[in-house]
Amino acid sequence: MQTFNTNEMTQQFDNFFMAPVRAYMTLSIDYSEKMLNAQLDANKSYVDTGIAQMRQLMSVKDASGLRSYMEGQQKVAKELAERVKGDADKVVALQQDFLQKGQKLTEDNVKQAQAAASKMSKTA
């Protein structure tokens, strides 16, 4: 009767299947965390700007105050446009980083599988 080395089989299973899954899941979780934090930061900024604008509008008491408020809206609109562009650039950078790291993981796993297959074919 032939005995099987279950430790070796378990190690091979871990190396070929579970290790790549863990690496990809780690990458995915890190990406999700960064993306969520970017969204939270952006939302907080937009809410803070909106609240500040409402407070400023509430302090308008006369025509000159209204004119001053309306003139300030151009500055606010420009700042918001810059913030939106910056937030979009941040999201694009996060996505590109995720894709590059995912592609590298895939390439590394393919190389490892090819090396193992080559090693197994030599021993067979």
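Residues numbered from 1 in each chain as written. Predicted model: local features only at pLDDT ≥ 70, side-chain atom pairs only at ≥ 80, totals over all residues. Heavy atoms only, no water.

- Per an unreviewed UniProt entry, the protein chain is named Phasin family protein, and its organism is Halomonas qaidamensis.

### Remarks on the pattern of salt bridges
- Counted under the stated rule, the structure contains 6 salt bridges.
- For Lys75, the salt bridge identified is with Glu79, shortest N-O distance 3.9 Å. One end of the pair is Lys75 and the other is Glu79, both in helix α2 (residues 63–123) and 4 residues apart, which spans about a single turn.
- Look at Lys75 and you get exposed, because its relative accessible area is 56%.
- Given the relative accessible area of 41%, Glu79 is considered partly exposed. (Salt bridge = Lys/Arg side-chain N within 4 Å of Asp/Glu carboxyl O. Helix = DSSP H or I, 4+ residues; strand = E, 2+ residues; numbered from the N terminus. Buried < 20%, exposed > 50% of the residue type's maximum accessible area, 1.4 Å probe, protein only.)

### Points about the UniProt feature "domain: Phasin" (unreviewed entry) in the protein chain
- The positions that UniProt labels "domain: Phasin" (unreviewed entry) are, in the present scheme, residues 18–110.
- Within the segment residues 18–110, helix and strand shares are 96% and 0% respectively, and the terminal C-alpha atoms sit 14 Å apart. (UniProt positions renumbered as here; feature names shortened; annotations may be inferred.)

### As for the side chain of Gln53
- Mapped onto the fold, Gln53 is located in helix α1 (residues 6–58).
- Residue classification places Gln53 among the buried residues on the basis of a relative accessible area of 13%.
- Only 2.3 Å separates the side chain of Gln53 from the side chain of Gln73, close enough to count as a polar contact.
- In contact with Gln53, not counting residues within four places along its chain, are Tyr69, Gln73 and Val76. (Polar contact = N/O pair within 3.5 Å; in protein donor to acceptor, adjacent residues only side chain to side chain. Contact = heavy atoms within 4.5 Å.)

### Some words on the environment of Met25
- Positionally, Met25 belongs in helix α1.
- Residue classification places Met25 among the partly exposed residues on the basis of a relative accessible area of 43%.
- Between the C-alpha atom of Met25 and that of Ala117, which follows or precedes it by 92 residues, the distance is 25 Å.

### Things to note about the packing of aromatic side chains
- In this structure the tally under the stated criterion is 2 aromatic pairs.
- Between Tyr24 and Phe98, the ring centres sit 6.2 Å apart and the planes meet at 55 degrees, which makes this aromatic pair tilted. Taken together, the residues span a long stretch of sequence, with Tyr24 in helix α1 and Phe98 in helix α2 at a distance of 74 residues.
- Judged by its relative accessible area of 42%, Tyr24 is partly exposed.
- Within the aromatic cluster, the residues linked to one another by ring pairs are Tyr24, Tyr31 and Phe98. (Phe/Tyr/Trp six-rings, centres within 6.5 Å; stacked < 30°, edge-to-face > 60°.)

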